[in-house]
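Here's the letter readout for the chains.
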Amino acid sequence: MTRHHGFPENRLTGWPRNLRLIRFAVLLPALCLLPAVMAGAAPNFLVIVVDDQSPLDLRVYDRSSILETPNIDALAANGVVVDAAYHMGSFSGAVCTPSRHMIMSGRTVWHLPISPEAKAKNLAPDKLEEQTLPAVFRRAGYATMRTCKQGNSYEAANRQFEVRHDETKRGGTPETGSAWHAERVLDYLKERQAKADRRPFLIYYGFSHPHDERDGTPEFLTRYGAKNHTDESTPPALDSRQPPLPINWLPRHPFNNGHADVRDEVAVSGVWERRDGATIRNEIGRQFACSAYIDQQIGRVIDQLRETGDLENTYIIYTSDHGMAIGRHGLQGKQNLYEHTWRVPFIVSGPGLPRGERVAGNVYLLDMLATLCDFAGIEAPSTNEGISMRPVLELKQDRLRDVLYGVYNGGTKPGMRSVRSGDWKLLKYDGMNGTVRRTQLFNLATNPEELLVEHDDEAVRAMTGYRPATIQRDLSDDPRYAEIREKMEGLLLAEMRRLDDPWRLWDQPDDGLTPPAEPPQRPAKAKK
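What comes next is a walk through the structure. Values in this document were obtained by computation on a predicted structure and should not be read as measured data.

Here's the deal with the sheet that holds strand E16 (residues 424–431)
Taken together, 5 strands build an open sheet; the order of strands is E6-E14-E15-E16-E17 and the sheet is mixed. Sheet topology places strand E6 (89–90) and strand E17 (436–443) at the edges, where each strand pairs with a single neighbour. As paired strands, strand E14 (residues 403–408) and strand E15 (residues 415–421) are joined by 6 bridges and run antiparallel to one another. Bridge assignment links Tyr 408 to a residue of E15, and that residue is Met 416. Sheet contacts for helix H13 (residues 482–498): E14, E15, E16 and E17; angle to E16, the most-contacted strand, approximately 65°.

Structure below.
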């Protein structure tokens, strides 16, 4: 096993497993959490959810990243980093919508009230909003507050918060950007203090960024050499301060994945259909500028918690609704199941938790409800399908589950499916009226970036500066891995059956299913 600085290395990320041994040079005083809750005091919760962020943006998941997030780094150094956290998937191009329903309800992707035919098949309970995160905690005596983007969420659940301030803020100023959300939380904490409100709190601290349009503040745009590019016909200027291309960048995806005309792939201002190096580097710079500003706003709230004396008794959870591509595999959006998009960052710090540790986890975002209930001593509602992460976060076990399932079929049906078990991951594509039928098999221990044969192209290597090893490719057609592929195909089918997936892929038994009717597809954007 490769080692860095004398510490054992995490196989997926290259990061040392035991961050606790790293001296806390970056640790902010605001994050000096005590190891246990005060006697008899119910814990508080600060749930931070950003919009559209791959874990690979962050240094705690990719040491080569140039994104500076001292507050998130400090949270990781003072808590537990979960390496394998996933959002499960989507049946809509607006991936955030089912993802945020799962966070709030603890329901699996096909058992949501908005899932295709879930109500007709009795797979989603009535009045589920009354069993969601804010409703459960409010009944338990918690003060509940929320700020986040407006829309593409679980509106009925959002209304269960006692205090709510939702607005979409994606501008490059304090009034139009992420500072607006921070101000709502700061005002709330100060008001609690003024009223001597001693109830424990659950604060859902959501952001509208780094979702496009990624209009960063001038300070951070300058830091990452980026500008808010508006000329679709030409690429932006290159700048040495811009982030480098990711090693799994491609000028185009090798095949139509079934939803190549979705808005995120063709109409995002600043990128559009361009995948040239200059455009992608500038756009990642914009992403980093927005993320750095978010980190600054997180620090402000943590400072306020410290000032009010609440920090030592507060669990802080940092995550995103899903990942993002931004040039990786020649893709731009969130409508895929590669690791950079299927995975999410997930970092937890709080009373009694280990410090500076990381764990595989194998968790879903839908495990959030069960986890917070467990830490609060509240019984999770009977509608919950998630599993408490507490044993993982307390390092009593390495993972919650052995098999992970992912879906995307917001485009042509049945769409994409993925399954992961151990180091192995299977991806399947079935779309475009049967004209696209592909299978991919990756070993994430040897090929964590899911590199393809196209990444070994001379022109691509010249752009990324990386030459893939022979083993770093899709292994689905390699006869040496035929037994592994067969096993993974079986695991995928078993998960599709267990989770009530209403479709079957071209090479699977149909199980007598009558899948939901496919809605009319929007015509592809005309090429210029």
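Things to note about the packing of aromatic side chains
Under the definition given, this model contains 14 aromatic pairs. Aromatic side chains Tyr 86 and Trp 342 sit 4.2 Å apart centroid to centroid with 55° between the ring planes, which places their arrangement in the tilted category. One end of the pair, Tyr 86, is in strand E5 (residues 85–86); the other, Trp 342, is in helix H9 (residues 339–342), with 256 residues separating them in the sequence. The class for Tyr 86 is buried, based on a relative accessible area of 0%. Taking the centre distance of 5.8 Å and the plane angle of 85° together, the rings of Tyr 224 and Phe 288 count as edge-to-face. Here Tyr 224, found in the loop between helix H6 (218–223) and helix H7 (263–266), pairs with Phe 288, found in helix H8 (residues 277–308); they are 64 residues apart in sequence, far enough to count as distant.

Quick look at the sheet that holds strand E3 (residues 44–51)
Reading across the sheet, the 8 strands line up as E8-E7-E9-E3-E10-E11-E4-E12 and stay open at both edges, with mixed pairing between neighbours. Each of the sheet's edge strands pairs with one partner strand only, and the pair in question is strand E8 (163–166) and strand E12 (357–359). Ignoring strand direction, the axes of neighbouring strands in this sheet form an average angle of 10°. In terms of strand pairing, E3 meets strand E10 (residues 314–320) through 7 bridges, oriented parallel. By the bridge assignment, Asn 44 is partnered in E10 with Thr 314. On top of the sheet, helix H10 (residues 368–376) reaches E3, strand E9 (201–210), E10 and strand E11 (346–349); it is set at about 160° to E3, its chief contact.

Overview of the side chain of Gln 304
Examined against the element boundaries, Gln 304 turns out to sit in helix H8. Gln 304 has contacts with Leu 186, Leu 189, Lys 190 and Gln 193, leaving out every residue within four places of it along the chain.

Concerning the pairing of E17
The buried fraction of E17 is high, at 6 of 8 residues. With 8 bridges connecting them, E16 and E17 associate as antiparallel partners. Looking across to E17, one finds that Lys 428 is bridged to Thr 439.

Section: the packing of helix H5 (residues 178–195) against H8
Two quantities define a packed helix pair, namely the angle between the helix axes and the distance between the axes. It is the contact of H5 with H8, at a shortest axis distance of 9 Å, that shows an interaxial angle of 5°. On the basis of the axis angle, H5 is roughly parallel to H8. Mapping the contact onto sequence places Ser 178, Ala 179, Ala 182, Glu 183, Val 185, Leu 186, Leu 189, Lys 190 and Gln 193 in H5 and Tyr 293, Ile 294, Gln 297, Arg 300, Val 301, Gln 304, Leu 305 and Thr 308 in H8. Among the residues forming the contact of H5 with H8, the class breakdown is 9 nonpolar, 5 polar and 3 charged.

Points about the nonpolar core
Ranked by internal contacts, the top residues of the largest apolar core, which has 130 residues, are Phe 45, Phe 137, Tyr 205, Phe 346 and Tyr 405. For this core, the leading source of residues is H8, giving 11 residues. What Phe 137 contacts, discounting residues up to four positions off in sequence, is Phe 45, Tyr 142, Thr 144, Leu 202, Leu 372, Cys 373, Ala 376 and Ile 378.

Cut-off values and rules
- Residues numbered from 1 in each chain as written.
- Predicted model: local features only at pLDDT ≥ 70, side-chain atom pairs only at ≥ 80, totals over all residues.
- Heavy atoms only, no water.
- Pairing = 2+ DSSP bridges.
- Helix = DSSP H or I, 4+ residues; strand = E, 2+ residues; numbered from the N terminus.
- Contact = heavy atoms within 4.5 Å.
- Axes fitted to C-alpha atoms, helices over the stretch in contact; angles between N-to-C directions.
- Phe/Tyr/Trp six-rings, centres within 6.5 Å; stacked < 30°, edge-to-face > 60°.
- Buried < 20%, exposed > 50% of the residue type's maximum accessible area, 1.4 Å probe, protein only.
- Parallel < 35°, antiparallel > 145°, perpendicular 65-115°, else oblique.
- Nonpolar A, V, L, I, M, F, W, Y, C, P; charged D, E, K, R; others polar.
- Core = buried A, V, L, I, M, F, W, Y, C linked by side-chain atoms within 4.5 Å.

By themselves these figures say nothing about function.
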